[in-house]
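Report on the structure
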Amino acid sequence: MSWQVIQQALPLFRKAFVLTLELSAIGVALATILGLAIALVREYRVPVASQVCATFEELLRNTPLLIQLFFLYYGFPSIGIKLSAQACAIIGISLLGAAYMSGAFRGGFSGIPTIQVESAKALGLSPLQMIRHVTLPQGLTRSVPAVAANAIFLVKETSVFTVIAVPELTNTARDLIGMYYRTDEYLLMLVVAYAIILIPLSVMLTLLERRVRRGTFGD
Amino acid sequence: MVLSAIDSASTVLAADAGWTILFTGDNLTRLLGGLWTSVSIAGLALVFGIPLGVVLGALRILRNPVLRAVLRLYLEFFRIIPTLVILFLFYYILPREMGVQVDGETIAVVAFGLWVAAEISDVVRGALISVPEHQIDAGKALGMNGLQLLWYVRLPQSINLMVPATINLAARVIMTTSLLLLISVIDVITVGQQIMEANRMAHPDSAFWVYGFVFLLYFIVCWPLAMIARALEKRAKERNNG
């Protein structure tokens, strides 16, 4: 273990760290928005669209991100759609994430007592009003822990971007190991970098779970 | 000859040019063989990981603070570090520490096995503590010792919660085997890449079809598992609510 090796690699790792954070943030944000839209479509059983969304969800949840990325990055150009590695990464993680987030939101919605929806209908609320005044305010809080757990999962999944050569953390470590063979130093830096991102997130998740539990059950 | 004539004819009909390579020669058998490699690695990891995880999970309900902290740390390590990074850690460190050559398959089984054990330990712990406290008290009143309580009271009443979670984990492990090409295991994706490489000239558009097909293969394996888990989950929920 050499301090000098670590110091020299630090600028590269810092760059990769920032890129990992950026890609994670964009991915999680897009996945949450898209996932909420899908969950609402499925919750309100919009004809056709809800079946399409269900199929999309099953397809993406039951296949690895790696093969989804390969399909986007290497497969799509042969039918004339060429995307940069980073664009593929963002599209891939957002779609995969949306499929997972939709599940999280639907789980939250399913906790809303049926009487709430029935009352809203009896009051003559339109579907949009029901979404705004009943489903979202009661469903979102319940979804928070599952959404946060998915966010952590998605941050970890960004490590797979290395297969299409996006210079994020894992890719940087692999490159450096390939060039200089200092495995101990680079692996340590890699683990530490992920720990810096993920430990606070996971602590936050635990606190959120406790908070929502208290909010819902009062204990 | 005839084949190449058919080939050139089909490249003209660009729409169906690529998919034919999936079925030429023994390509399909090779792809399925690669899939078998992936699935059997996942299977072995589960075979080793599940019993270990059950033991660790049972230990985690004991009130020994040191044991609890150590096991919790073990779980959190596997939860926080991406699986790909864990795979690399084992790939680079294990052979050196043991002083022998270890192939990618073995490394994958060890790394995935320990990961499975960590996840299962949390599933088992969660299920075991979901058994109502009065059941435990009743068992104690009958004079049962700790192991008897576990075997006759806690396990039978919580196993229906453990099974669906374990099946879901199995599907996740199978999907994660897709990472094995990064530690030079010849899995289904590597076989696909070899096929594309061999047909680069005749079928430049083969990537779409080969990767699409591998995507489908993973789906065919994992989707039924997800469906079974969901059905069992629903049944467990209904039964537990009376």
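Definitions and limits used
- Residues numbered from 1 in each chain as written.
- Chains lettered and ligands numbered in written order.
- Predicted model: local features only at pLDDT ≥ 70, side-chain atom pairs only at ≥ 80, totals over all residues.
- Heavy atoms only, no water.
- Helix = DSSP H or I, 4+ residues; strand = E, 2+ residues; numbered from the N terminus.
- Rg over C-alpha atoms; globule rule 2.2 N^0.38 Å.
- Buried < 20%, exposed > 50% of the residue type's maximum accessible area, 1.4 Å probe, protein only.
- Contact = heavy atoms within 4.5 Å.
- Lys, Arg positive; Asp, Glu negative; His and termini not counted.
- Charge placed at Lys NZ, Arg CZ, Asp CG, Glu CD.
- UniProt positions renumbered as here; feature names shortened; annotations may be inferred.
- Phe/Tyr/Trp six-rings, centres within 6.5 Å; stacked < 30°, edge-to-face > 60°.
- Salt bridge = Lys/Arg side-chain N within 4 Å of Asp/Glu carboxyl O.
- Nonpolar A, V, L, I, M, F, W, Y, C, P; charged D, E, K, R; others polar.
- pLDDT = per-residue confidence, 0-100.
- Core = buried A, V, L, I, M, F, W, Y, C linked by side-chain atoms within 4.5 Å.
- Axes fitted to C-alpha atoms, helices over the stretch in contact; angles between N-to-C directions.
- Left-handed = near helix turned anticlockwise from the far one by under 90°.
- Bend = angle between axes of the 7 residues up to and from the residue.
- Polar contact = N/O pair within 3.5 Å; in protein donor to acceptor, adjacent residues only side chain to side chain.
- Expected span 1.5 Å × (residues − 1).

Turning our eyes to something else, we now look at the overall build of chain B. Summing up its helical and strand segments, chain B has 9 helices and 0 strands in all. Counted from the first residue to the last, chain B has its helices and strands arranged as α-α-α-α-α-α-α-α-α. For chain B, the C-alpha radius of gyration of 23 Å lies well beyond 18 Å, the compact-globule estimate for 242 residues. Over its C-alpha atoms, taken along the principal directions, chain B stretches across nearly 85 × 50 × 25 Å. For chain B, buried positions account for 46% of its 242 residues. By sequence separation, contacts in chain B at least 24 residues apart represent 77% of the contacts at least 6 residues apart. Taking the average location of the 17 positive side-chain charges in chain B and that of its 16 negative ones, the two points are 15 Å from each other.

What follows deals with the UniProt feature "transmembrane region" (unreviewed entry) in chain A. According to UniProt, the positions carrying the feature "transmembrane region" (unreviewed entry) are residues 16-39, 59-76, 83-101 and 186-208 of chain A. Along residues 59-76 of chain A, the helical share is 78% and the strand share 0%, with 17 Å between the first and last C-alpha atoms.

Moving on to the packing of aromatic side chains. Considering all chains together, one arrives at 16 aromatic pairs over all chains under this definition. Here Phe71(A) and Phe76(A) contribute two aromatic rings whose centre-to-centre distance is 5.5 Å and whose plane-to-plane angle is 75°, an arrangement assigned as edge-to-face. The burial state of Phe71(A) is the same as that of Phe76(A); both residues are buried. Taking 6.2 Å as the distance between ring centres and 35° as the angle between the ring planes, the aromatic pair formed by Tyr74(A) and Tyr211(B) counts as tilted. Here Tyr74(A) is found in helix H3 (residues 65-75), whereas its partner Tyr211(B) is found in helix H9 (residues 206-240) on a different chain. The partly exposed category is assigned to Tyr74(A), whose relative accessible area is 37%.

With that settled, the discussion passes to the interface of chain A and chain B. Of the residues lining the interface, 35 residues belong to chain A; the matching set on chain B comes to 34 residues. Linking chain A to chain B there are 2 salt bridges. Here Arg96(B) ties to Asp184(A) by a salt bridge, and the two come within 2.9 Å at their closest N and O atoms. When residues of the side of chain A that touches chain B are traced back to their parent elements, those giving at least two are helix H2 (49-61), H3, helix H7 (169-180) and helix H8 (183-217) of chain A. Within the side of chain A that touches chain B, the residues separate by chemical class into 20 nonpolar, 10 polar and 5 charged.

To continue, consider the side chain of Ser24(A). Residues and elements named next belong to chain A. Relative to the helices and strands, Ser24 is located in helix H1 (residues 3-43). Of the residues examined, Ser24 reaches a relative accessible area of 8% and is grouped as buried. Dropping the residues within four chain positions of it, Ser24 is found in contact with Val155 and Thr158.

We now examine the pattern of salt bridges. Taken as a whole, this structure holds 11 salt bridges over all chains when the rule is applied. Linking Arg106(A) and Glu57(A) is a salt bridge whose minimum nitrogen-to-oxygen distance equals 2.6 Å. In this pair, Arg106(A) sits in helix H4 (residues 85-110) while Glu57(A) sits in helix H2, placing the two residues 49 residues apart along the sequence. A residue is classified by how much of its surface remains accessible, and Arg106(A), at 25% relative accessible area, is partly exposed. Across the pair Arg172(B) and Glu119(B) runs a salt bridge, and its minimum N-O distance is 3.6 Å. Of the two residues, Arg172(B) sits in helix H7 (residues 146-176) while Glu119(B) sits in helix H5 (residues 104-129), which places them 53 residues apart along the sequence. Using a relative accessible area of 9% as the deciding quantity, one classes Glu119(B) as buried. Beyond isolated ion pairs, a larger network of salt bridges with shared partners links Arg60(B), Arg79(B), Glu119(B), Asp122(B) and Arg172(B).

Below, the discussion takes up the environment of Asp205(B). Residue and element names in this part refer to chain B. Summarising the element assignment, Asp205 is placed in the loop between helix H8 (188-198) and H9. Judged by relative accessible area, which is 15%, Asp205 ranks as buried. With 126 residues separating them in the primary sequence, Asp205 and Arg79 have C-alpha atoms 39 Å apart.

Glancing now at the confidence of the model for chain B. Residues and elements named next belong to chain B. Looking at chain B, pLDDT values average 87 and 92% of them are 70 or higher. Confidence scores differ between elements of chain B, with helix H1 (residues 2-12) showing the lowest mean pLDDT of 49 and H5 the highest of 94. Considering only residues more than four positions removed or in separate chains, one finds that residues 8-13, a stretch of pLDDT under 50, has 4 contacts. Across the whole predicted complex the pTM is 0.89, and at the interface the ipTM reaches 0.90.

Moving on to the nonpolar core. Counting residues in hydrophobic clusters, the biggest one holds 124 residues, and the most contacted among them are Phe13(A), Ile164(A) and Ile189(B). Residue contributions to this core peak at 13 residues, all from H5(B). Not counting residues within four places of it along the chain, the set of residues in contact with Ile164(A) comprises Leu69(A), Phe70(A), Tyr73(A), Tyr74(A), Ala85(A), Cys88(A) and Ala89(A).

Looking now at the UniProt feature "domain: ABC transmembrane type-1" (unreviewed entry) in chain A. What UniProt calls "domain: ABC transmembrane type-1" (unreviewed entry) maps, in this numbering, to residues 17-209 of chain A. Secondary structure over residues 17-209 of chain A splits into 81% helix and 0% strand, and the C-alpha atoms at its two ends are 27 Å apart.

Our next topic: the packing of H4(A) against helix H6 (residues 127-157) of chain A. Residues and elements named next belong to chain A. At a minimum axis separation of 7 Å, H4 and H6 run at an interaxial angle of 145°. Between H4 and H6 lies a crossing of right-handed hand. Split into classes, the residues belonging to the contact of H4 with H6 amount to 14 nonpolar, 6 polar and 2 charged.

Let us now look at H1(A). Spacing of three or four residues puts side chains on the same side of an α-helix, whose turn is 3.6 residues. Residue and element names in this part refer to chain A. Residue Leu10 marks the point of greatest curvature in H1, where the axis turns by about 45°; the proline Pro11 follows within four residues. Its side-chain oxygen 3.3 Å from the backbone nitrogen of Gln4, Ser2 forms the N-cap of H1. Arg45 sits one or two positions beyond H1 and adopts a positive phi of about 45°.

Under the 1.5 Å per step criterion, the end-to-end length of H2(A) is 18 Å for 13 residues, consistent within 8% with the ideal 18 Å. Within the span of H2(A), buried status applies to Ser50(A), Cys53(A), Ala54(A), Glu57(A), Glu58(A) and Leu60(A).

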